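Residue strings, one per chain:
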Amino acid sequence: MKFVSTRGKVEPLGFSEAVMEGLAGDGGLFVPEFLPDISNKLESWRGLSYSKLCFEFFKLFADDIPQGDLEKIIDASYKKFDDAQIAPLSKLDDKTYLLELYHGPTLAFKDFALQLLGNLYEYLLEKSGRVINVLGATSGDTGSAAINGLFGKKNVNIFILYPDGRVSPLQERQMTCTGASNVFPIAIDGTFDDAQAIVKELFGDADFKKKWSLAAVNSINLARILAQCVYYVYAYLKLPPDRAQSARFVVPTGNFGNVLAGWLACKMGMKVRGFTVATNQNDILYRLFKTGVYEVGEVKPSYAPSMDIQVSSNFERFIYFAENKDTCKVREIMQAFKSSGKWIFENFNADVFSSVRCDDSSIKKNIRNVYEKYGKIIDPHTACGFENLDGGVNVVLSTAHPAKFPEVIKSAISRDVKSPILEELKQRKIERMECGANSDFIREIIKERGIRK
Ligand SMILES: Cc1ncc(COP(=O)(O)O)c(C=O)c1O
Ligand SMILES: N[C@@H](CCOP(=O)(O)O)C(=O)O
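As recorded by an unreviewed UniProt entry, the chain carries the name Threonine synthase and is attributed to Intestinicryptomonas porci.

Caption draft 1: Quick peek at the overall build of the chain. From N to C terminus, the chain includes 20 helices and 16 strands. Computed over its C-alpha atoms, the radius of gyration of the chain comes to 20 Å, within 12% of the 22 Å expected for a compact globule of 453 residues. For the chain, the spread of C-alpha atoms along the principal axes amounts to about 55 × 50 × 50 Å. Scored against the burial criterion, the 453 residues of the chain give a buried share of 62%. Of all intrachain contacts in the chain linking residues separated by at least 6 positions in sequence, the fraction that spans at least 24 positions is 75%. Total accessible area on the chain stands at roughly 17,100 Å², and carbon and sulfur atoms take up 46% of it. Positive and negative charge centroids in the chain, built from 58 and 56 side chains respectively, lie 2 Å apart.

Caption draft 2: Region of the structure containing the state of the cysteines. Scanning the entire structure with this criterion turns up zero disulfides. For Cys229, which is in no disulfide, the shortest distance to another cysteine sulfur is to Cys54 and amounts to 10.0 Å. Of all cysteine sulfurs, the one in Cys177 lies closest to Cys435, which takes part in no disulfide; the gap is 19 Å.

Caption draft 3: Spotlight on empty space enclosed by the protein. As enumerated under the stated definition, the model contains three cavities of 30 Å³ or more in all. Roughly 300 Å³ of internal volume is contained in the largest cavity. Lining the largest cavity are 27 residues, with Phe109, Lys110, Gly254, Asn255 and Ser306 sitting closest to its centre. The dominant element in the lining of the largest cavity, judged by the number of residues it contributes, is helix H12 (residues 257–267), at three residues.

Caption draft 4: Region of interest: the packing of aromatic side chains. By the definition in use, this model includes 35 aromatic pairs. With centroids separated by 5.4 Å and ring planes inclined at 55 degrees, the aromatic side chains of Phe345 and Phe348 adopt a geometry described as tilted. We classify Phe345 as buried; its relative accessible area is 10%. Relative accessible area serves as the criterion here: at 23%, Phe348 is assigned to the partly exposed category. Positioned above the aromatic ring of Phe208 is the side chain of Arg443, whose terminal nitrogen or guanidinium carbon lies 5.2 Å from the ring centre. Residue placement shows Arg452 over the ring face of Trp212; its charged tip is 5.0 Å from the ring centre.

Caption draft 5: Structural detail: the layout of surface pockets. What the largest pocket holds in volume is close to 700 Å³. Of all the elements in the fold, those that place two or more residues in the lining of the largest pocket are helix H8 (192–204), helix H14 (315–322) and helix H15 (327–340). Broken down by element, the lining of the largest pocket gets its largest block of residues, eight residues, from H8. When grouped by side-chain class, the residues that make up the lining of the largest pocket number nine nonpolar, seven polar and nine charged. Within this model, the second largest pocket holds a volume of roughly 310 Å³. Looking at the lining of the second largest pocket, the elements with two or more residues in it are helix H1 (15–21), H8 and helix H9 (206–211). Considering only residue class, the lining of the second largest pocket consists of five nonpolar, three polar and five charged.

Caption draft 6: Structural detail: the site of ligand 1. Ligand 1 sits among 15 residues. The nearest are Lys110, Asp141, Gly254, Asn255 and Thr399. Within the backbone of Gly254, a nitrogen or oxygen atom sits 2.7 Å from an oxygen atom of ligand 1. At 2.9 Å, a backbone N or O of Phe256 approaches an oxygen atom of ligand 1. Contact with the protein chains hides 98% of the accessible area of ligand 1, taken as 380 Å² for the molecule alone. With respect to the detected pockets, ligand 1 is housed in the largest cavity.

Caption draft 7: Representation of helix H3 (residues 50–59) in the model. In terms of burial, H3 is largely enclosed, as seven of its 10 residues are buried. Among all positions in H3, only Tyr50, Ser51, Leu53, Cys54, Phe55, Phe57 and Phe58 are buried. Where H3 is buried, its residues touch H1, helix H2 (42–45), helix H4 (67–77), helix H5 (110–128) and helix H10 (222–238).

Caption draft 8: Looking closely at the UniProt feature "domain: Threonine synthase N-terminal" (unreviewed entry) in the chain. Per the UniProt record, "domain: Threonine synthase N-terminal" (unreviewed entry) is found at residues 2–78. Counting secondary structure, residues 2–78 comes out at 42% helix and 12% strand; the distance between its end C-alpha atoms is 26 Å.

Conventions and cut-offs
- Residues numbered from 1 in each chain as written.
- Chains lettered and ligands numbered in written order.
- Predicted model: local features only at pLDDT ≥ 70, side-chain atom pairs only at ≥ 80, totals over all residues.
- Heavy atoms only, no water.
- Helix = DSSP H or I, 4+ residues; strand = E, 2+ residues; numbered from the N terminus.
- Rg over C-alpha atoms; globule rule 2.2 N^0.38 Å.
- Buried < 20%, exposed > 50% of the residue type's maximum accessible area, 1.4 Å probe, protein only.
- Contact = heavy atoms within 4.5 Å.
- Areas by Shrake-Rupley, 256 points an atom, 1.4 Å probe, with all protein chains shown as cover.
- Lys, Arg positive; Asp, Glu negative; His and termini not counted.
- Charge placed at Lys NZ, Arg CZ, Asp CG, Glu CD.
- Disulfide = S-S within 2.5 Å.
- 1 Å grid on protein atoms, 1.4 Å probe; cavity = no way out; pocket = protein on both sides within 12 Å on 5 of 7 lines; lining within 4 Å.
- Points joined across faces, edges and corners; volume = space filled by probe spheres on them.
- Phe/Tyr/Trp six-rings, centres within 6.5 Å; stacked < 30°, edge-to-face > 60°.
- Lys NZ or Arg CZ within 6 Å of the ring centre and 35° of its normal.
- Nonpolar A, V, L, I, M, F, W, Y, C, P; charged D, E, K, R; others polar.
- Near = heavy atom within 4 Å.
- Polar contact = N/O pair within 3.5 Å; in protein donor to acceptor, adjacent residues only side chain to side chain.
- Sits in = over half its atoms within 2 Å of the grid points.
- UniProt positions renumbered as here; feature names shortened; annotations may be inferred.

The following block contains the structure:
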């Protein structure tokens, strides 16, 4: 399988090369050259364990890695989850299910892909004798999941940019209390969008990227998206067969990676009713799906900080498919959006997407309602998914453990939620760097601390 750029200006790459490349050289995002049809495989996948299902799915894409090696990489990636189901699907009532994606080592859905990506990098580096400097941007969860996925791996240094004061205190501790000498968390004076823009700028500087062997852990990396497709298929196969096709996945959304993964699985043949893009008050995607106007707004801090994002990186992948793979059109749209912050889609086709918007007061209300109705404590991001559920079968993705956001939970339902993993971090020293939201500062940090052969 080859992978092509959404902007069409670079040669297609095989799986391993595309993973190592991260962002395509033309600034686009890699997507599979074609989407395999999984509809005739689904029945034979029913009953597989999570990691076996992941292996069957990945085989369709990672065909340049010997299957025995791929299977070992994937098996190792789901060892640190604290639930044997890996992604348990709990039934809340006849029509409402919760897909619990917070049982990984850093208590958020990012572990599904980043444990796997960490092991993939280790494998590819060992084969090639290369070293990498991982550069990522986070609004709270990708950073800690990437650090955990790469922890203790040789030949890797990790630079994670996050918006100072705009992630939860415990999320910050997860990144800054590791004590690892190859991990550099950098608090920038800006928003997640600023951090992501810096990362994309540095990946777009071909000389710098090559010299410092930059590698991506954000969902610009196609392996992230593919790994995230798997839990949709897993949940689909866990639903009673008479329910699966009428199910709608409700996805708390920020950078559009999670919901895009589900939509791709659907385009590959996993037939469902649709996908709800659930935003917080940073509602660029909500406005888009309602009006066809894609217009950036100011990033406003919310109770769901990891979704405090306006420029949703993976939306470019959606545009690519929605515009029938017309890379020229993708370039035109991305260029116009970059210069004016706006694009109006004529005759916008929302496909199977719908959207809801959840402000801070509704986040608290939804946490309270779910607790009172089902006795379940959900985190503020998941709470966005409970906004205005329609009357059909809904699978709400629960993207983080509530213990990461104890203050919001306390003020919503007067309950203390704790996790031993997070409690232990409170004893440790925070080690972080601070700088302005300027790519030159980050360049200097990488030059000083980066690893080179
Ligand atoms: C807890 C949580 N929920 C939801 C999201 C949104 O996911 P995505 O950025 O893939 O849309 C994020 C951040 O990515 C997150 O950390
Ligand atoms: N919410 C994310 C933001 C980065 O998204 P990614 O999917 O591109 O890594 C976070 O928690 O960091």
